[in-house]
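# Results of the structural survey
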Amino acid sequence: MTATSRTTASGRFPAAPVPGLPADFRWGVATSAYQIEGAVDTDGRTPSIWDTFCRVPGAVAGGENGDTACDHYHRLAEDVGIIAGLGVDTYRFSLAWPRIQPGGHGPANPRGVAFYDRLVDSLLERGITPWVTLYHWDLPQELEDAGGWPARDTAHRFADYAELAHAALGDRVRHWTTLNEPWCSAMLGYESGVHAPGRKNFGDAMHAVHHLLLGHGLAARRLREAAPEPLELGITLNLGHATPATDHPADAAAARRADGLGTRIYLDPLVHGRYPEDVVADLAARGVTLPVQDGDLAAIATPLDILGVNYYSSHQFSGSAEDGSTTGDDGLPVVRGVSRGLPVTDMGWEIHPEGLTALLLRLHRDYGLPTVITENGAAFADQPVGDGTVPDSDRTAYLDSHIRAVAAARSAGADVRGYFAWSLMDNFEWAFGYDKRFGLVRVDYPTQRRTVKDSGLWYRDTIRLTRSA
Ligand code: FCB
């Protein structure tokens with residue numbers, strides 16, 4: 001079934017125009033390569049750190065992997081038809097680095113590039129703007145073997161890859177995002193080890209932060225130099241609005257630390273060309289120095305056109321453990337997320353749209369960049385019903401409240417230019433495997449049948465009504 005085969009969202013949650021969003025507001029859906037493509041050893045693609053990580057016993061729920069995923073590599077035409085049926089003007093997707101440049105070095109792989117050629121061309125034929133993310137976590141395994149993101153050379157390899165990708169697609173693609181969520185790459189990949197490559201060392205994670213930012217900056221420069229026409233160049237960060245749980249000074253310190261390692265360690269160098277002093281001091285107290293060399297900060301601060309914001313939830317922080325102590329077993333100050341007691345999604349993430357409004361206003365005030373919501377959405381364990389529909393009103397309510405939160409931020413002065421729902425379709429949700437469903441479109445994995453959920457129909461109607469209001 002495609003989005004065009006039914007005409008209403010069956011009245012369960014009627015769509016309405018969203019006041020405060022202009023006619024030229026950008027509407028999209030988002031995916032990433034490893035989560036949907038499958039075809040992991042097709043047409044010259046080599047393994048990424050996620051192919052390797054999925055083979056580690058216990059790393060991914062159910063021992064699942066992205067070998068087939070949504071088989072998007074072979075179902076591109078059908079999927080672009082579904083995207084068009086949703087009435088969006090933009091599709092955000094990522095390029096698999098080991099498809100474009102197997103092994104992370106050497107020339108571009110024409111067979112890998114051909115897939116993205118077809119994708120970009122079919123989007124453009126339908127009037128949909130391709131919004132390319134260069135890196136959504138699938139580092140070529142060879143580069144991890146050579147040290148991964150904690151190693152400085154990876155930043156240079158990334159810049160080379162960015163240039164190859166731009167040479168292949170830059171005649172048709174104007175919107176480029178360098179990295180998706182470097183916090184996740186660094187902290188989940190190298191500190192907690194719950195994401196690929198599964199290393200657990202805080203110092204390595206901090207070195208990864210700097211080299212991800214350096215890779216971004218070097219790539220941004222290369223793209224600007226190579227582009228015959230102006231690009232819209234950005235980076236996407238996962239952000240929340242960190243607040244203290246109470247007015248106790250220890251809670252204020254915990255929120256400051258969370259904001260420091262979650263937001264300011266990225267945005268201060270990207271926008272202001274320097275790392276935040278309090279974060280540098282906190283790192284020094286932990287025996288960690290960021291591996292900054294001459295010229296790095298100037299590269300990192302290459303001007304951005306747009307900041308991509310991925311928003312799912314916001315946390316409040318306490319500086320004391322449940323037993324009241326303000327120092328953990330590791331001797332470090334406690335930084336503990338505490339529940340607001342709000343309803344949660346299937347990920348256990350609290351639903352807090354007000355945090356998105358507050359975040360967008362804070363970003364506007366402190367960093368002044370135009371923003372696009374490059375991901376927002378919710379996992380719920382929705383099920384098809386007898387008539388073949390998927391009545392996912394929880395997801396629709398989540399999307400509705402967050403789109404309205406964006407409109408509220410705009411009305412209060414934040415320069416927010418677009419909203420992309422995560423995700424186009426159910427997909428491989430990293431360490432959670434296929435259990436967590438974020439799609440506007442249901443994927444029945446055994447048959448690969450796609451069904452537009454009620455939230456997808458609601459989204460289509462909301463876009464249409466808002467554009468014409
Ligand atoms: C973000 C990721 C995206 C998806 C959503 C749920 O952190 O960028 O790939 O997993 O979370």
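Going along each chain's sequence as written, the residues are numbered from 1 onward. A pLDDT threshold of at least 70 governs which residues receive local features in this predicted model, and a stricter bar of 80 or more applies before side-chain atom pairs are shown or counted, although totals over entire chains, interfaces and linings include all residues. No hydrogens and no water enter the side-chain calculation; it runs on all heavy atoms of the structure.

## With respect to the overall build of the protein
Basically, it comes down to this: Numbering of helices and strands starts at the N terminus; helices are DSSP runs of H or I of at least 4 residues and strands are runs of E of at least 2. Accessibility here uses a 1.4 Å probe with only protein chains present; expressed as a share of the type maximum, an area under 20% marks a residue as buried, one over 50% as exposed, and anything in between as partly exposed. Pairs of residues are marked as contacts when any of their non-hydrogen atoms sit within 4.5 Å. Using the Shrake-Rupley algorithm and a 1.4 Å probe, accessible areas are obtained, with residue cover drawn only from the displayed protein chains. Neither His nor the chain termini are counted; the positive set is Lys and Arg, and the negative set is Asp and Glu. Charge placement uses NZ in Lys and CZ in Arg. For Asp and Glu, CG and CD serve respectively.
For the protein, the helix and strand inventory stands at 15 helices and 13 strands. Here the C-alpha coordinates of the protein stretch approximately 60 × 50 × 45 Å along the principal axes. Burial status across the protein gives 58% buried among its 469 residues. When contacts within the protein are restricted to residue pairs at least 6 apart in sequence, those whose partners lie at least 24 apart make up 77%. Per element, the accessible surface of the protein, about 16900 Å² overall, is 53% carbon and sulfur. The average position of the 42 basic charges and that of the 59 acidic charges among the side chains of the protein differ by 4 Å.

## Re the confidence of the model for the protein
To keep it simple, the criterion reads: One number per residue, pLDDT, summarises how confident the predictor is, and it ranges from 0 to 100.
Across the protein, the average pLDDT comes to 96, with 97% of residues at or above 70. In the predicted structure, residues 1-11 sits below a pLDDT of 50 and forms 27 contacts with residues beyond four places in sequence or in another chain.

## With respect to the environment of Gly112
Note on placement: Gly112 falls in helix H5 (residues 110-125). With relative accessibility at 0%, the residue Gly112 sits in the buried group. A C-alpha to C-alpha distance of 6.8 Å links Gly112 and Gly44, two positions 68 residues apart in sequence. Contacts of Gly112, omitting those with residues within four sequence positions, involve Asp43 and Arg99.

## Examining the packing of aromatic side chains
The line we're drawing: Centres within 6.5 Å are what make two rings of Phe, Tyr or Trp a pair, Trp counting through its six-membered ring; a difference in plane orientation under 30 degrees is then read as stacked, over 60 as edge-to-face, and the rest as tilted. Counting as a charge over the ring demands two things of the Lys NZ or Arg CZ atom: a distance within 6 Å of the ring centre and an angle within 35 degrees of the ring normal.
Under the definition given, this model contains 28 aromatic pairs. Seen in terms of ring centroids, Phe428 and Trp430 are 6.3 Å apart; in terms of plane orientation they differ by 70°. Their pairing is edge-to-face. A connected cluster of aromatic rings, assembled from ring pairs, spans Tyr34, Trp50, Phe53, Trp137, Phe428, Trp430, Tyr434 and Tyr445. The ring of Phe202 carries Arg286 above its face, with NZ or CZ at 3.6 Å from the centroid.

## Focus on the environment of His156
As for its placement among the helices and strands, His156 is situated in helix H7 (residues 153-169). Residues His156 and Phe420 lie 264 residues apart in sequence; the distance between their C-alpha atoms is 30 Å.

## What about the site of the ligand?
Defined as follows: Here a residue is near a molecule or strand as soon as one of its heavy atoms is found within 4 Å of it. In protein, a polar contact requires one atom able to donate a hydrogen and another able to accept it; more generally it is a pair of N or O atoms within 3.5 Å, and residues adjacent in sequence count only if both atoms are side-chain atoms. Only Asp, Glu, Lys and Arg are considered charged in this grouping, and only Ala, Val, Leu, Ile, Met, Phe, Trp, Tyr, Cys and Pro are considered nonpolar; every other residue, Gly among them, is considered polar.
In the neighbourhood of the ligand, the contacting residues comprise Gln35, His136, Trp137, Asn180, Glu181, Asn310, Tyr312, Glu375, Trp422, Glu429, Trp430 and Phe438. The contact in question runs from an oxygen atom of the ligand to an N or O atom on the side chain of Glu375, over 3.0 Å. Trp430 is positioned such that a nitrogen or oxygen atom in its side chain is 2.9 Å from an oxygen atom of the ligand. Protein chains shield 94% of the accessible area of the ligand, which is 290 Å² for the free molecule. Residue classes in the shell around the ligand are distributed as five nonpolar, four polar and three charged.

## What about the layout of surface pockets?
Rules: Buried and open spaces are told apart on a 1 Å grid over the protein atoms alone, a cavity being a set of points where a 1.4 Å probe fits but cannot get out and a pocket being an open set with protein on both sides within 12 Å along at least five of seven lines. Residues with an atom within 4 Å of a point are the lining residues. Grid points are joined across faces, edges and corners, and a volume is the space filled by probe spheres set on the points.
The calculated volume of the second largest pocket comes to roughly 170 Å³. Surrounding the second largest pocket, Pro22, Asp24, Phe25, Arg26, Glu232, Ile306, Val372, Arg410 and Arg417 form its lining. For the lining of the second largest pocket, the class distribution of residues is four nonpolar, no polar and five charged.

## A look at empty space enclosed by the protein
If a probe as big as a water molecule is rolled over the atoms, it shows which places are left empty. As enumerated under the stated definition, the model contains four cavities of 30 Å³ or more in all. Taken as a whole, the largest cavity spans an internal volume of roughly 60 Å³. The wall of the largest cavity is formed by Ile49, Trp50, Tyr135, Trp137, Trp149, Cys184, Ser185, Tyr190, His195, Ala196 and Pro197. Going through the elements one at a time, helix H2 (49-54) and helix H8 (182-190) are the ones with two or more residues in the lining of the largest cavity. Of the residues contributing to the lining of the largest cavity, the split by class is nine nonpolar, two polar and no charged.

## Observations concerning the side chain of Thr466
Along the polypeptide, Thr466 turns up in helix H15 (residues 454-467). Beyond its immediate sequence surroundings of up to four residues, Thr466 is in contact with Ala16, Pro17, Val18, Leu21 and Trp27.

## Let's talk about the sheet that holds strand E6 (residues 243-244)
Filter applied, for reference: Only when DSSP finds a minimum of two bridges between them are two strands counted as paired. All axes here are fitted lines through C-alpha atoms, helices being fitted over the stretch that makes contact, and every angle between N-to-C directions spans 0 to 180 degrees.
Taking strand neighbours across the sheet as the criterion, the three strands line up as E6-E8-E9 in an open arrangement whose pairing is mixed. Edge positions in the open sheet fall to E6 and strand E9 (336-338), since each of these has one partner strand only. As judged from the two bridges shared by E6 and strand E8 (residues 316-318), these two strands associate in the parallel manner. Across the sheet, residue Thr243 finds its bridge partner in E8, namely Gln316. Lying over the sheet, helix H10 (residues 249-272) contacts E6 and E8, oriented at roughly 125° with respect to E8.

## Considerations on unusual backbone geometry
In this structure, Pro197 follows Ala196 across a cis peptide bond, with omega equal to 5°. Inspection of the secondary structure puts Pro197 in the loop between H8 and helix H9 (202-226). Backbone torsion omega between Trp422 and Ser423 reads 10°, so that peptide bond is classified as cis. Mapped onto the fold, Ser423 is located in the loop between strand E11 (416-422) and strand E12 (441-444). With a phi angle near 50°, Ala39 is a residue other than glycine that sits in the positive phi range. Summarising the element assignment, Ala39 is placed in the loop between helix H1 (33-36) and H2. You can call Ala39 buried: its relative accessible area is 7%. Even without being a glycine, Glu181 presents a positive backbone phi close to 50°.

## Things to note about the nonpolar core
Let me state the cut-off plainly: To qualify as a nonpolar core, a set must consist of buried Ala, Val, Leu, Ile, Met, Phe, Trp, Tyr and Cys residues joined through side-chain atoms within 4.5 Å.
Membership of the largest hydrophobic core comes to 135 residues, with the highest contact counts inside it found for Trp50, Leu95, Trp176 and Tyr459. Considering every element that reaches this core, the biggest residue donor is H9, with ten residues. In this structure Leu95 touches Ala33, Ile100, Tyr116, Val132, Thr133, Leu134, Asp138, Tyr161, Ala165, Leu169 and Trp176, once residues within four positions along its chain are discounted. Counting five residues, the second largest nonpolar core, distinct from the first, contains Ala155, Leu214, Leu218 and Ala299.

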